[in-house]
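# Residue-level structural notes
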Amino acid sequence: LAKTTQPISMDSYEGQEVNITCSHNNIATNDYITWYQQFPSQGPRFIIQGYKTKVTNEVASLFIPADRKSSTLSLPRVSLSDTAVYYCLVGEYNNDMRFGAGTRLTVKP
Amino acid sequence: GAGVSQTPSNKVTEKGKYVELRCDPISGHTALYWYRQSLGQGPEFLIYFQGTGAADDSGLPNDRFFAVRPEGSVSTLKIQRTERGDSAVYLCASSSGLFTDTQYFGPGTRLTVL
């Protein structure tokens with residue numbers, strides 16, 4: 001199972017772009033990279049998933065370098081409602097993926 | 001239903017008692033997952049069902065924990081002889097069953113063992 005490392009916490013201000021980087025040095029060839037968001041008292045919610053290069057959806061972008069040993073979740077112009085815990089997961093199957101402690105993002109006014 | 005539902009939302013029990021936690025997945029989802037989340041930690045994988053069978057139960061901490069999904073939809077997580085260390089939020093998720101497709105999580109059941 002690929003292990004991931006993320007910063008424990010990050011602070012930002014409304015309107016800024018936030019980049020959260022996740023390290024996964026032992027990622028396997030068939031592994032995907034998936035990010036989830038979790039608000040207090042709720043279950044995690046899928047944000048974005050990618051295999052290589054760049055993926056963008058209406059919520060975020062995911063940048064994956066060629067060696068795939070890290071990935072960066074980019075949240076454009078964050079608002080107070082983006083305050084949450086963000087988890088990076090790596091695996092070929094959902095049951096291979098393991099949640100770490102995540103990155104606690106705090107957006108300030 | 002529109003999403004994954006879990007009942008009860010809160011459960012308080014005494015040490016040594018038996019509890020059952022229920023998960024109702026999204027209709028048509030063949031894969032179902034149980035996780036346990038302690039305060040300040042990420043969800044910890046417990047068990048994964050594909051259809052009616054437990055395809056991966058490697059995360060169950062010991063034989064006091066058991067889960068079933070007899071008809072391939074609703075699942076029940078059963079905990080025998082509860083201990084104070086079992087106190088946590090128990091999360092259920094479902095997905096369409098394909099590799100790394102999106103997991104949709106329920107709101108969780110908060111279990112407190114006194």
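Residues numbered from 1 in each chain as written. Chains lettered and ligands numbered in written order. Predicted model: local features only at pLDDT ≥ 70, side-chain atom pairs only at ≥ 80, totals over all residues. Heavy atoms only, no water.

### Quick look at the overall build of chain A
Counting secondary structure elements, chain A contains zero helices and nine strands. The N-to-C order of helical and strand elements in chain A reads β-β-β-β-β-β-β-β-β. Expected size for 109 residues packed as a compact globule is a radius of gyration near 13 Å; at 13 Å, chain A falls within 12% of this value. Taken over the C-alpha atoms alone, chain A extends approximately 40 × 30 × 20 Å along its principal axes. Burial statistics for chain A: of 109 residues in total, 44% are counted as buried. Considering only contacts within chain A whose residues lie at least 6 apart along the sequence, 55% involve residues at least 24 apart. Carbon and sulfur atoms make up 50% of the accessible area of chain A, which amounts to about 5500 Å² in all. Of the charged side chains in chain A, 10 are positive and 9 negative, and the gap between their average positions amounts to 2 Å. (Helix = DSSP H or I, 4+ residues; strand = E, 2+ residues; numbered from the N terminus. Rg over C-alpha atoms; globule rule 2.2 N^0.38 Å. Buried < 20%, exposed > 50% of the residue type's maximum accessible area, 1.4 Å probe, protein only. Contact = heavy atoms within 4.5 Å. Areas by Shrake-Rupley, 256 points an atom, 1.4 Å probe, with all protein chains shown as cover. Lys, Arg positive; Asp, Glu negative; His and termini not counted. Charge placed at Lys NZ, Arg CZ, Asp CG, Glu CD.)

### Details of the side chain of A:H24
Residue and element names in this part refer to chain A. Among the structural elements, H24 can be located in the loop between β2 (18-23) and β3 (32-38). Note on H24: relative accessible area 0%, which makes it buried. One polar contact links H24 to S71, side chain to side chain, over a distance of 3.0 Å. Excluding its chain neighbours within four sequence positions, the residues that come into contact with H24 are K3, T4, I33, R68, K69, S70, S71, C88 and V90. (Polar contact = N/O pair within 3.5 Å; in protein donor to acceptor, adjacent residues only side chain to side chain.)

### Focus: the environment of B:Q41
Residue and element names in this part refer to chain B. As for its position among the elements, Q41 is in the loop between β4 (31-37) and β5 (44-50). The exposure class assigned to Q41 is partly exposed, which follows from its relative accessible area of 44%. Put simply, Q41 and T13 are 28 residues apart on the chain and 22 Å apart in space, counted from C-alpha to C-alpha.

### Side note on the sheet that holds strand β7 (residues 70-75) of chain A
Sheets are built from strands that pair by backbone hydrogen bonding, the pairs being arranged parallel or antiparallel. Residues and elements named next belong to chain A. With antiparallel pairing, the four strands of this open sheet are ordered in space as β2-β7-β6-β5. The strands lining the two open edges of the sheet, one partner per strand, are β2 and β5 (53-56). Each neighbouring strand pair of the sheet contributes to a mean axis angle of 15 degrees, computed without reference to strand direction. Across four bridges, the pairing between β5 and strand β6 (residues 61-64) is antiparallel. Across the sheet, residue T56 finds its bridge partner in β6, namely S61. (Pairing = 2+ DSSP bridges. Axes fitted to C-alpha atoms, helices over the stretch in contact; angles between N-to-C directions.)

### Side note on the interface of chain A and chain B
With 19 residues of chain A at the interface, the matching set in chain B holds 20 residues. Both faces considered, chain A and chain B share a buried interface measuring about 1600 Å² in area, 51% of it formed by carbon and sulfur atoms. Of all residues in chain A, A:N94, A:N95 and A:F99 give up the largest surface area on contact with chain B, accounting jointly for 36% of the area buried on that side. Counting the contacts that link chain A with chain B gives zero salt bridges. (Buried area = accessible area lost by both parts, 1.4 Å probe. Salt bridge = Lys/Arg side-chain N within 4 Å of Asp/Glu carboxyl O.)

### Section: the sheet that holds strand β1 (residues 5-7) of chain B
Residues and elements named next belong to chain B. With respect to topology, four strands assemble into an open sheet ordered β1-β3-β8-β7, the strand pairing being antiparallel. Since the sheet does not close on itself, it has two edges, and those belong to β1 and β7 (65-68), each with one partner. The sheet shows a mean angle of 15 degrees between the axes of neighbouring strands, taken without regard to direction.

### A closer look at the state of the cysteines
Under the definition given, this model contains two disulfides over all chains. Disulfide pairing places A:C22 opposite A:C88 at an S-S distance of 2.2 Å. Linking A:C22 and A:C88, the disulfide has an S-S dihedral of approximately -80 degrees and is accordingly described as left-handed. Taken together, the positions of A:C22 in strand β2 and A:C88 in strand β8 (residues 84-91) put the pair 66 residues apart, joining distant regions of the chain. Take A:C22: its relative accessible area is 0%, and that puts it in the buried class. The disulfide partner of B:C23 is B:C92, and the gap between their sulfur atoms is 1.8 Å. (Disulfide = S-S within 2.5 Å.)

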